[in-house]
Amino acid sequence: MTTLLVVAGDLHVNGTVALSPDKYTLDDGQMFYPSKPQKWINRKWAEFWQHAEQVKEQHGAEIVTLITGEAADINKHPSSQYITNHSGDAVGMAVKVLEPAKRLSDRIYVVRGSEAHVGLSGSLDEAVARAIGAVPDANGRYSRFAFRGVIGGLKVDAQHHPGTSYGRPWTRGADANRLAQIVIDQYVRGKQLPPDLVIRGHAHRPSDSYDNHVTRAITLPSWKLTDSY
């Protein structure tokens, strides 16, 4: 069977400049509606999943979805750019946003993001992962600090933090190439075969090593606009 791997991370649901539900009733009964920029992000999210559905139907594929952390967000940094500080509402909004993933995916894996955004030990990501029926790990946790496994015949290594970054547009790709070689070295030193694909998030800026190494490294974009922080 053909497998379509769908990856997304850094959704930051609950931020006022991030992906959001089209409407949501908060704990005190107040109704949240997205801003104009959020409506634009939401349209792109809908198009993203519409495309995944078209590929699924065209190829009779199974969809395996990998969320690389920070599905919901309650930031420890002082900020006015949050809808609520109620963790239940933050999780509820993220679950609503992820309804297309839950509907279309045959399997979902969730990796935990930064504690600064998702709480101690990734508690928000764990709550979201449980609610959307993510595949649990060997210890019964529905989210994990790292995913290592085979998807569609590819050996995949995914976690939130890349450990590399780039600062200017003309240096994009250098970080992904460094990441690819770092991971290859780590696996070889551990006497293991390197993965085919490395996926990371966190940086909010996409980067790709393409076929420059035996391992391809990809850092994902975010679903959040630049905030005041």
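This text goes with the structure placed above it.
The model shown is predicted, which means the values in this text are computed figures rather than measured ones.

**Q** I'm lost on the overall build of the chain in this one. Help?
**A** Along the chain, the regular secondary structure elements total six helices and eleven strands. Against the 2.2 N^0.38 benchmark of 17 Å for 229 residues, the chain shows a C-alpha radius of gyration of 17 Å, consistent with a compact globule. Projected onto its principal axes, the C-alpha positions of the chain cover 55 × 40 × 35 Å. Taking all 229 residues of the chain together, the buried fraction comes to 48%.

**Q** Quick question: what am I supposed to make of the packing of helix H2 (residues 87-97) against helix H5 (residues 123-131) here?
**A** In a packed pair of helices, the relevant descriptors are the angle between the two axes and the axis-to-axis distance. For the pair H2 and H5, the least separation of the axes is 9 Å and the interaxial angle reads 45°. Relative to H5, the element H2 is oriented oblique. The crossing of H2 and H5 is right-handed. Here Ser87, Val91, Ala94 and Val95 of H2 come into contact with H5, specifically with Leu124, Ala127, Val128 and Ala131.

**Q** I'm lost on the nonpolar core in this one. Help?
**A** Generally speaking, soluble globular proteins have nonpolar side chains that are buried together. Within the largest apolar cluster, 34 residues are counted, with the highest numbers of intra-cluster contacts made by Leu11, Leu19, Trp45, Leu98 and Val128. If you tally residues by element for this core, the top one is H2, at five residues. Not counting residues up to four positions away in its chain, the partners in contact with valine 128 are Ala71, Ala72, Val91, Ala94, Val95 and Leu98. Membership of the second largest hydrophobic core comes to twelve residues, among which are Leu66, Tyr109, Ile151 and Leu220.

**Q** So what exactly am I meant to see when it comes to the sheet that holds strand S4 (residues 62-67) here?
**A** The pairing of strands in a sheet happens through backbone hydrogen bonds and is either parallel or antiparallel. Within the open sheet, the four strands sit side by side as S1-S4-S5-S6. Their pairing is parallel. Strands at the two margins of the open sheet, each flanked by one partner only, are strand S1 (3-8) and strand S6 (143-144). Note: S4 against strand S5 (residues 107-111), four bridges, orientation parallel. Note that in S5 the partner of leucine 66 across the bridge is tyrosine 109. Its contacts with the sheet put helix H1 (residues 36-59) on S1 and S4, and the angle it makes with S1 is roughly 170°.

**Q** Any chance you could explain the sheet that holds strand S10 (residues 207-208) here in plain terms?
**A** The sheet built from five strands is open, its strands ordered S7-S8-S9-S11-S10 with mixed pairing. Strands at the two margins of the open sheet, each flanked by one partner only, are strand S7 (146-151) and S10. Both S7 and strand S8 (residues 154-159) contribute to a ladder of six bridges, which runs antiparallel. When the sheet's bridge partners are listed, glycine 149 is paired in S8 with valine 156. Helix-sheet contacts for helix H6 (residues 174-189) involve S7, S8, strand S9 (197-200), S10 and strand S11 (216-219), and the interaxial angle to S11 is about 130°.

**Q** Sorry if this is basic, but what is going on with the side chain of threonine 65 here?
**A** Residue position: threonine 65 is located in strand S4. Overall, threonine 65 belongs to the buried group, its relative accessible area being 1%. Contact partners of threonine 65, with chain neighbours within four places excluded, come to Val6, Trp49, Ser105, Arg107, Ile108 and Tyr109.

Thresholds applied
Residues numbered from 1 in each chain as written. Predicted model: local features only at pLDDT ≥ 70, side-chain atom pairs only at ≥ 80, totals over all residues. Heavy atoms only, no water. Helix = DSSP H or I, 4+ residues; strand = E, 2+ residues; numbered from the N terminus. Rg over C-alpha atoms; globule rule 2.2 N^0.38 Å. Buried < 20%, exposed > 50% of the residue type's maximum accessible area, 1.4 Å probe, protein only. Axes fitted to C-alpha atoms, helices over the stretch in contact; angles between N-to-C directions. Parallel < 35°, antiparallel > 145°, perpendicular 65-115°, else oblique. Left-handed = near helix turned anticlockwise from the far one by under 90°. Contact = heavy atoms within 4.5 Å. Core = buried A, V, L, I, M, F, W, Y, C linked by side-chain atoms within 4.5 Å. Pairing = 2+ DSSP bridges.

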